[in-house]
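For reference, the chains in residue letters:
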Amino acid sequence: MKIPLIASLLRSKSHDAGWAAIGLGVHGVYLAKVEFAGAMPRVVRCEYHETGTVSAAALEKLRREANLGSHDFTTLLAPGEYQMLLVDAPNVPADELKTAIRWKIKDGLSYHIDDATIDVLQIPASKYGTDRAQSMYAIAAANDTIQKRIALFEQAKIELDVIDIPEMAQRNIAALFEQDERALALLAFDDNGGLLTITSGGELYMSRRIEISAGQLRDANENLREQYRGRVELELQRSLDYFGRQFNHMAVSRVLVSAPDDTGLVEFLAPVSDTKVEKLDLSQVMDISAVPELADSEFVANVLPTLGAALRQEKHTL
C-alpha cells in the first residue's frame, strides 16, 4: 500500500476543529493544539513532555496522562527522514504528474524509487509572466520510514491523519506574518539545524537547510560563535540574492528570526543585512495567552515546527 505524504493518510473528513500536532524529539514529545476562532488563531495548548526514549509505550502513556482524547492528529518527519528536491515541472497532464516526477528524481534518492513515497509541491508561477521554467518541489520518503511512523502511532492508540514536514509547518507560521503581496523570509534554528523559508500569499516559494544548530550558535567559544553566525549571514544573503533573481517581481519585506535570544543572531544579522531583520514574536499574530511559555525564545525555537503543523488548514492540502 502506498501511503501519501503530507496528505490525509486514512480518511477524508472535516477538520474544522483544528489539528493536534505531535512532534517527536530525541528525548521527548512536543504537543500543540490551535483553534481558529476570532481575529487570530488561538493556541489552546503547546507543551513539551520529557519521555526518555520516544517509543509506542511512551506515546500511549502520554496520550492517557495528557488527556489527548479524540483529535485529528498530525506529526512531522525529521530532516533526515525525507528529501525535498527542486525540479523543473514536467509538461504532462495532472494525473501523470507524480509518475513523471518519480522518473525525474529516481537517481537522486539513496533507495530505489519503487520503495519511495512521493508528493509534490507546486511553486506558484509569476503572474507577470517569465521565461523561467516552472519549478516544483518533489518530496520523497522511504516507504519503510512512513510505515514505521504510522505503526508507532497505531501502537500508541493514536489515530494519525497526516504526516507533514517542517518546511510546510514553517510556511504555516510565516503565512500569519505576511504583508500584502510581498514575500517573507523566516529563519528558524533548533537542535536539528537551521531552516530558511521564503513565502508569499501562504505559498512556499523557497526552502533551504542550514547545517548549523541552535547549540552551535550559542557555543561557549566566542570564535566559533562568530564563525557560525558568519556562515548564517552568508547563507541568508545567498538565498535572498537567489530569490531576487528567480522572483524579481516580488520583494522580501523582512527576515524573521526564531532562535534562542542568547545566540545574539538577530543583533548580528540586523546591521549587516540589506533586508529588515526582526525577532519572531508570535503574540503579533496568535493568541498565546493560554501558553505564556511561548514568550520564551528558546521554547519557541524548539516547538515551532510542531506549532506550525497544528496550524495546518485544509486549503493547504497537497
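Attention here is on the structure that accompanies the text. Everything quoted here is computed from the prediction, not taken from an experiment.

**Notes on the nonpolar core**
For step 1, the next point in the chain: One finds Ile-22, Phe-189, Phe-243 and Leu-269 to be the most contacted residues of the largest nonpolar core, which totals 57 residues.
For step 2, the next point in the chain: Take this core: its biggest share by element is five residues, from helix 6 (residues 222-246).
For step 3, the next point in the chain: Not counting residues within four places of it along the chain, the set of residues in contact with Phe-243 comprises Ala-183, Ile-198, Tyr-205, Met-206, Asn-248, Met-250 and Val-252.
For step 4, the next point in the chain: Formed by 30 residues, the second largest nonpolar core is a distinct cluster that contains Ala-21, Leu-294, Val-300 and Leu-307.

**Comments concerning the packing of helix 4 (residues 166-177) against helix 8 (residues 297-310)**
In a pair of packed helices, the angle between the axes and the distance between the axes together describe the arrangement.
For step 1, the next point in the chain: Helix 8 packs onto helix 4 with a crossing angle of 75 degrees between their chain directions and a minimal axis gap of 7 Å. The pairing of helix 4 with helix 8 is recorded here as roughly perpendicular in orientation. Facing helix 4, whose interface residues are Ala-169, Asn-172 and Ile-173, helix 8 presents Leu-304, Pro-305, Leu-307, Gly-308 and Ala-309.
For step 2, the next point in the chain: Tallied by class, the residues present in the contact of helix 4 with helix 8 amount to six nonpolar, two polar and no charged.

**Some thoughts on the packing of aromatic side chains**
For any pair of aromatic rings, the description rests on two quantities: the centre-to-centre distance and the angle between the ring planes.
For step 1, the next point in the chain: Counting across every chain of the model gives four aromatic pairs.
For step 2, the next point in the chain: Ring centres of Phe-243 and Phe-247 lie 5.0 Å apart, and the angle between their planes is 35 degrees; this geometry places the pair in the tilted category. In this structure, Phe-243 and Phe-247 share a single accessibility class: buried.
For step 3, the next point in the chain: What links up through ring pairs into an aromatic cluster is the set Tyr-205, Phe-243 and Phe-247.
For step 4, the next point in the chain: Across the ring face of Trp-19, the terminal group of Arg-312 is positioned such that the distance to the ring centre comes to 5.6 Å.

**Details of the pattern of salt bridges**
Pairing of side chains with opposite charge becomes possible as their charged atoms draw close.
For step 1, the next point in the chain: Overall, the coordinates contain 18 salt bridges when judged by the stated rule.
For step 2, the next point in the chain: Its salt-bridge partner being Asp-107, residue Lys-106 comes within 3.5 Å of it at the nearest N-O pair.
For step 3, the next point in the chain: Take Lys-106: its relative accessible area is 33%, and that puts it in the partly exposed class.
For step 4, the next point in the chain: Glu-298 is paired through a salt bridge with Arg-218; the nearest N and O atoms lie 3.3 Å apart. With Glu-298 in helix 8 and Arg-218 in the loop between helix 5 (214-217) and helix 6, this pair connects stretches of sequence that are 80 residues apart.
For step 5, the next point in the chain: For Arg-218, a relative accessible area of 28% gives the class partly exposed.
For step 6, the next point in the chain: Among the ionic contacts, a cluster of salt bridges with common partners joins Glu-60, Arg-63, Arg-64 and Lys-157.

**Notes on helix 4**
For step 1, the next point in the chain: End to end, helix 4 covers 17 Å across twelve residues, agreeing with the expected 16 Å (1.5 Å per residue, within 8%).
For step 2, the next point in the chain: Counted residue by residue, helix 4 has ten buried out of twelve residues, so it is predominantly covered.

**Details of the environment of Glu-298**
For step 1, the next point in the chain: For Glu-298, a relative accessible area of 36% corresponds to the partly exposed category.
For step 2, the next point in the chain: It is 8.6 Å that separates the C-alpha atoms of Glu-298 and Ser-258, two residues lying 40 residues apart in sequence.
For step 3, the next point in the chain: Apart from the residues lying within four places of it in its own chain, the contact partners of Glu-298 are Arg-218 and Pro-260.

Calculation criteria
Residues numbered from 1 in each chain as written. Predicted model: local features only at pLDDT ≥ 70, side-chain atom pairs only at ≥ 80, totals over all residues. Heavy atoms only, no water. Core = buried A, V, L, I, M, F, W, Y, C linked by side-chain atoms within 4.5 Å. Buried < 20%, exposed > 50% of the residue type's maximum accessible area, 1.4 Å probe, protein only. Helix = DSSP H or I, 4+ residues; strand = E, 2+ residues; numbered from the N terminus. Contact = heavy atoms within 4.5 Å. Axes fitted to C-alpha atoms, helices over the stretch in contact; angles between N-to-C directions. Parallel < 35°, antiparallel > 145°, perpendicular 65-115°, else oblique. Nonpolar A, V, L, I, M, F, W, Y, C, P; charged D, E, K, R; others polar. Phe/Tyr/Trp six-rings, centres within 6.5 Å; stacked < 30°, edge-to-face > 60°. Lys NZ or Arg CZ within 6 Å of the ring centre and 35° of its normal. Salt bridge = Lys/Arg side-chain N within 4 Å of Asp/Glu carboxyl O. Expected span 1.5 Å × (residues − 1).

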